[in-house]
There are 2 protein chains.
Amino acid sequence: MLSFTEENYLKCIFKLTEKTNHRVSTNAIAKVTGSSAASVTDMLKKLAEKELVDYARYKGVHLSPTGRHIATQLVRKHRLWEVFLVDKLGFSWDEVHDIAEELEHIKSDLLIERMDQFLGLPKFDPHGDPIPTASGKFTIRQQVPMNKASQGQRLVVLGVQEHSKAFLRYLDNLSIHIGTQLVIQEKNSFDQSMKVLIDDKHSQLLGEHICKKLLVNEI
Amino acid sequence: MLSFTEENYLKCIFKLTEKTNHRVSTNAIAKVTGSSAASVTDMLKKLAEKELVDYARYKGVHLSPTGRHIATQLVRKHRLWEVFLVDKLGFSWDEVHDIAEELEHIKSDLLIERMDQFLGLPKFDPHGDPIPTASGKFTIRQQVPMNKASQGQRLVVLGVQEHSKAFLRYLDNLSIHIGTQLVIQEKNSFDQSMKVLIDDKHSQLLGEHICKKLLVNEI
DNA sequence: TTTTATTTTTAGACTAATCAAAATTTATTT
DNA sequence: AAATAAATTTTGATTAGTCTAAAAATAAAA
Ligand SMILES: [Mn+2]
Ligand SMILES: [Mn+2]
Ligand SMILES: [Mn+2]
Ligand SMILES: [Mn+2]
């Protein structure tokens, strides 16, 4: 049985290696966990001992198949709990992450499978992130940052690349959420801002930051 | 912020002092937590330092008002989660305790108030135990162990005084649960067994143990 | 290819929670 | 009231997780 802390390290390594699949450095882990490099080294040795990571001194780590499986299930639990909090308890998408950080460590396979059923087998969480299946498969979708779209295109919002409360609340205020339709009315090359029509109701100028962090697909 | 362990000690002291309201001894706590008396002493000193218990060397402890409030809220969370697991996720009453033991430590007042609403402000948990309100009030009901009832009485099952899986499963097999109606057909004084009619459907002989642990009220 | 800078590990120490064994206090018998 | 028994605390250790500071390895620059 893994501790809370061990689980968090595995999830952290998973997130850091998700895209590249390269080994991740001690310092990179220390940075995101907010702990010292010395603590990270200690933990990596422990995880290596348990064969959850492949660790080589001074060379960084990557997850073993077992380690990856555990990390994936943590992500599954985290995202299913987020769906529950939003869909069933009426939380908004900027309020759920911290609570899900705690709930993801509850140890019961049956619980999470029942929850999955109860929620209607959702494929994506409230932030548009895919929920891995019990066997660890992620649904892949066509989606691009909105700044890659062209003038005149009609888009649907599929996700966000930033999860900060401030960012999510800002989108809320603009009535932009997962599923919102956007039409690109103008692209301003000088500052990368875009004027978009939101859900065919109102026009809004969006800054470069938002345009890069909104994930969309053409419809 | 209290640790899991500190919370568990408070809940344990609460349960041990609930009825009598007397000070509880180090050994009594050690017995139910399964830890050594030495560990209990250490923890009591820590809780006293935080003013959550009133502790006197060699004299035992009782909860301070703050300590009692925290313990009550833990009980509230535990029981609300049990209702959720049974009512919403379809768990049976013998499966929920261990999961609720973990869930009760999730730290979010908003979560538990939303959950309470979502569940329809339940007053009792799946075992018939009262769910304290956010302000710490327990609903009190008239209820007695079934062995105190008389021949011919019609009763409704309100609770159980034992929560073991084996006991709860045994009741399940007899179709006895919270709300079940029972009519006392015979009381056998020689062995304290009773013959009861269950939900006006079938007759069953119940042994002394069950008769003492079933909490009922006349209707 | 040395030298310097950066990264990573090791060494030593701290807190929380735990235990067994020894010491102390309280309770119970003689 | 003294002796004995039982309960409780203290002492000294252990494990998990953490840290800072020193040492070692690797990477970058001269
Ligand atoms: Mn999240
Ligand atoms: Mn999410
Ligand atoms: Mn319970
Ligand atoms: Mn219960």
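Since the structure is predicted, the reported quantities are computational estimates derived from the model, not experimental observations.

### So, the pattern of salt bridges
Residue and element names in this part refer to chain A.
Phase 1: Enumeration over the complete set of coordinates arrives at 26 salt bridges over all chains.
Phase 2: The salt bridge involving Arg76 is made with Asp116; its shortest N-O contact spans 3.1 Å. Here the residue Arg76 occupies a position in helix α4 (residues 65-88), and Asp116 occupies one in helix α6 (residues 109-118), the gap between them amounting to 40 residues.
Phase 3: Given the relative accessible area of 10%, Asp116 is considered buried.
Phase 4: Connected through shared salt-bridge partners, Glu6, Lys46 and Lys50 make up one network.

### Concerning the packing of helix α4 (residues 65-88) of chain B against helix α6 (residues 109-118) of chain B
All names here are of chain B.
Phase 1: Contact geometry for α4 and α6: axes closest at 10 Å, N-to-C directions at 45°. As summarised for this structure, α4 and α6 are arranged oblique, according to the angle between their axes. Between α4 and α6 lies a crossing of left-handed hand. Every residue of α6 that contacts α4 at Arg76, Lys77, Leu80, Trp81, Phe84 and Lys88 is listed here: Leu111, Ile112, Glu113, Met115, Asp116 and Phe118.

### Some points on the coordination of the manganese ion (ligand 1)
Residues and elements named next belong to chain A.
Phase 1: The protein atoms donating to the manganese ion (ligand 1) are His78 (NE2), Glu82 (OE) and His97 (ND1), with metal-donor distances spanning 2.0 to 2.2 Å.
Phase 2: For the manganese ion (ligand 1), all donor residues lie on one chain, and their spacing in sequence is H-x3-E-x14-H.
Phase 3: In this model, the manganese ion (ligand 1) sits 3.5 Å from the manganese ion (ligand 2), the two metals being bridged by Glu82. Here the residue His78 occupies a position in helix α4, and His97 occupies one in helix α5 (residues 97-103), the gap between them amounting to 19 residues.

### Structural notes on the protein's contact with DNA strand D
Phase 1: Around DNA strand D sit 22 residues in total, of which Ser3, Ser39 and Lys46 of chain A together with Lys45 and Tyr55 of chain B are the nearest.
Phase 2: Of all atoms in DNA strand D that approach within 4 Å of the protein, 78% are sugar or phosphate atoms.
Phase 3: For DNA strand D, a phosphate oxygen lies 2.5 Å from a polar atom in the side chain of Ser39 of chain A.
Phase 4: Take Asn27 of chain B: an N or O atom from its main chain is 3.0 Å from a phosphate oxygen of DNA strand D.
Phase 5: Contributions of two or more residues to the surface near DNA strand D are made by α1 (4-17) and α3 (37-49) of chain A together with α2 (26-33) and α3 (37-49) of chain B.
Phase 6: Looking at the surface near DNA strand D residue by residue, the classes come out as eight nonpolar, ten polar and four charged.

### Concerning the protein's contact with DNA strand C
Phase 1: By nearness alone, 22 residues border DNA strand C, and Thr41 and Tyr55 of chain A together with Ser3, Ser39 and Lys46 of chain B come closest of all.
Phase 2: Among atoms of DNA strand C positioned within 4 Å of the protein, sugar and phosphate together represent 80%.
Phase 3: Measuring from a phosphate oxygen of DNA strand C, one finds a side-chain N or O atom of Arg57 of chain A at 3.2 Å.
Phase 4: Here a phosphate oxygen of DNA strand C sits 2.4 Å away from a polar atom, N or O, in the side chain of Ser39 of chain B.
Phase 5: Secondary-structure elements contributing two or more residues to the surface near DNA strand C are α2 (26-33) and α3 of chain A together with α1 (4-17) and α3 of chain B.
Phase 6: Counting residues per element, the surface near DNA strand C draws most heavily on α3 of chain B, at five residues.
Phase 7: Across the surface near DNA strand C, the residue classes tally to eight nonpolar, ten polar and four charged.

### Notes on α3 of chain B
Since the α-helix advances by 3.6 residues per turn, residues separated by three or four positions end up pointing in the same direction.
Residue and element names in this part refer to chain B.
Phase 1: With 13 residues, α3 should reach 18 Å at 1.5 Å per residue; the first-to-last C-alpha distance of 18 Å fits that figure.
Phase 2: Along α3, the residues classified as buried are Val40, Met43, Leu44 and Leu47. Down the axis of α3, the buried set is contained in an arc of 105°. They therefore lie on one face. For α3, exposure combined with an orientation more than 90 degrees from the buried face picks out Ala38 and Glu49.
Phase 3: Buried residues in α3 make contact with α1, α2, β1 (53-56) and β2 (60-63).
Phase 4: Two residues or fewer past α3, Glu51 is found with a positive phi of approximately 60°.

### With respect to the coordination of the manganese ion (ligand 2)
All names here are of chain A.
Phase 1: Only Glu82 (OE), Asp125 (OD) and His127 (ND1) from the protein reach the manganese ion (ligand 2) as donors, at distances of 2.1 to 2.3 Å.
Phase 2: For the manganese ion (ligand 2), the donor residues sit on a single chain with the sequence spacing E-x42-D-x1-H.
Phase 3: You can call Glu82 buried: its relative accessible area is 1%.

### Things to note about the domain arrangement of chain A
Phase 1: Taken domain by domain, chain A comprises domain 1 (4-63) and domain 2 (144-218).
Phase 2: Each of domain 1 of chain A and domain 2 of chain A has a C-alpha centre, and the two are 35 Å apart.

### Topic: unusual backbone geometry
Residues and elements named next belong to chain B.
Phase 1: A positive phi is found at Glu51, a non-glycine position, where the angle reads about 60°.
Phase 2: Checked against the element boundaries, Glu51 lands in the loop between α3 and β1.
Phase 3: You can call Glu51 exposed: its relative accessible area is 60%.
Phase 4: A positive phi is found at Tyr58, a non-glycine position, where the angle reads about 70°.
Phase 5: Structurally, Tyr58 can be placed in the loop between β1 and β2.

### Some remarks on the interface of chain B and chain A
Where interface size is given, it is often the accessible area lost as the parts come together that is meant.
Phase 1: Taken together, the contacts link 20 residues of chain B with 20 residues of chain A.
Phase 2: Summed over the shared surface of chain B and chain A, the number is zero salt bridges.
Phase 3: Listed by contribution, the elements that provide at least two residues to the side of chain B that touches chain A are α4, α5 (97-103) and α6 of chain B.
Phase 4: No other element matches the five residues that α6 of chain B contributes to the side of chain B that touches chain A.
Phase 5: A class-by-class count of the residues in the side of chain B that touches chain A yields twelve nonpolar, three polar and five charged.

Rules of the game
Residues numbered from 1 in each chain as written. Chains lettered and ligands numbered in written order. Predicted model: local features only at pLDDT ≥ 70, side-chain atom pairs only at ≥ 80, totals over all residues. Heavy atoms only, no water. Salt bridge = Lys/Arg side-chain N within 4 Å of Asp/Glu carboxyl O. Helix = DSSP H or I, 4+ residues; strand = E, 2+ residues; numbered from the N terminus. Buried < 20%, exposed > 50% of the residue type's maximum accessible area, 1.4 Å probe, protein only. Axes fitted to C-alpha atoms, helices over the stretch in contact; angles between N-to-C directions. Parallel < 35°, antiparallel > 145°, perpendicular 65-115°, else oblique. Left-handed = near helix turned anticlockwise from the far one by under 90°. Contact = heavy atoms within 4.5 Å. Donors = N, O, S within 2.8 Å, 3.2 Å for Na, K, Ca; no water. Near = heavy atom within 4 Å. Polar contact = N/O pair within 3.5 Å; in protein donor to acceptor, adjacent residues only side chain to side chain. Nonpolar A, V, L, I, M, F, W, Y, C, P; charged D, E, K, R; others polar. Expected span 1.5 Å × (residues − 1). Arc of directions from axis to C-beta. Domains from an automatic or database assignment.

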